[in-house]
Amino acid sequence: NRQMQFHMKIFDQADVIVAPTTGVTAYPIYEDAMKTGELDYINGAALVRYSIAGNFLGFPAVTVPVGYDKSGLPIGLQFIGSPWSESTLIHIAFAMQ
């Protein structure tokens, strides 16, 4: 798979990949969405933009809070590691907090 090869080449030169947890902070859920659900392609795509490595390729990842946006909503930073690098990721997350 091309995405797997792309990420493994990165890990040949780096221990971790650092990326935002999501492409946007939380957005409002409107009242009508509570009854029927919501399909928001633009915000949905932004939410999963940076989750390919962890969610779809299976690489270990950890997210830490790093601040707040102008509305006071939390912002996260994720560290994505190569296979079996969970201990490295936990050490990084601990150091960041």
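The residue numbers shown here count from 1 along each chain, following its written sequence. The model is predicted, so local features are restricted to residues of pLDDT at least 70 and side-chain atom pairs to those at 80 or more, both for listing and for counting; the totals for chains, interfaces and linings are taken over all residues. As a convention, hydrogens and water are excluded, and side-chain values are obtained from all of the structure's heavy atoms.

(A) Focus on the overall build of the chain. The helix and strand labels rest on DSSP assignments: H or I over at least four residues marks a helix, E over at least two residues marks a strand, and numbering proceeds from the N terminus. Within the chain one finds five helices and three strands. Going from the N terminus to the C terminus, the chain shows its helices and strands as α-β-α-α-α-β-β-α. Each radius of gyration is computed over the set of C-alpha atoms, and the globule rule expresses the reference value as 2.2 Å times the number of residues to the power 0.38. Whereas a compact globule of 97 residues would reach a radius of gyration of roughly 13 Å, the chain reaches 16 Å, over 25% beyond that. Taken along its principal axes, the extent of the C-alpha atoms in the chain is 45 × 35 × 20 Å.

(B) Molecular detail of the environment of Ile-80. Here Ile-80 is to be found in strand β3 (residues 74–81). Separated by 17 residues in the primary sequence, Ile-80 and Thr-63 have C-alpha atoms spaced 8.8 Å apart. Whether two residues touch is decided by their heavy atoms; if any such pair falls within 4.5 Å, the residues are in contact. In contact with Ile-80, other than residues within four places in its own chain, are Phe-11, Asp-15, Val-16, Ile-17, Tyr-50, Ala-53, Phe-59, Pro-60, Ala-61 and Leu-89.

(C) Quick peek at the environment of Pro-20. Structurally, Pro-20 is set in strand β1 (residues 16–20). With 62 residues separating them along the chain, Pro-20 and Ser-82 place their C-alpha atoms 17 Å apart. Aside from chain neighbours lying at most four places away, what touches Pro-20 is Tyr-50, Gly-76, Leu-77 and Gln-78.

(D) Fine view of the packing of aromatic side chains. Note on aromatic pairs: the rings of Phe, Tyr and Trp (six-membered ring only in Trp) are paired at centre separations within 6.5 Å, and the planes decide the class, stacked below 30 degrees, edge-to-face beyond 60, tilted for the rest. Under the definition given, this model contains one aromatic pair. Taken together, a centroid distance of 5.3 Å and an interplanar angle of 70° make the contact between Phe-11 and Phe-59 edge-to-face. Pair noted here: Phe-11 is in helix α1 (residues 2–13) and Phe-59 is in the loop between α4 (52–56) and β2 (61–68), with a separation of 48 residues, a long-range link. Phe-59 shares its class with Phe-11; the two are buried. Note on exposure labels: buried denotes an accessible area under 20% of the residue type's maximum, exposed denotes more than 50%, and partly exposed covers the range between, all computed with a 1.4 Å probe on protein chains only.

(E) Structural view of a nonpolar patch on the surface. Where nonpolar side chains cluster on the molecular surface, the patch consists of Val-66, Ile-75 and Met-96 and spans about 230 Å² of accessible area. Relative to the assigned elements, Val-66 resides in strand β2. On the accessibility criterion, Val-66 (43% relative accessible area) is partly exposed. Each patch groups residues whose relative accessible area exceeds 30% and which form no salt bridge, using 9 Å between like charges and 5 Å between nonpolar side chains of Val, Leu, Ile, Met, Phe, Trp and Tyr. Computed with the Shrake-Rupley method and a 1.4 Å probe, the accessible areas treat only the protein chains shown as cover for residues. Salt bridges are defined by distance alone: a side-chain nitrogen of Lys or Arg within 4 Å of a carboxyl oxygen of Asp or Glu.

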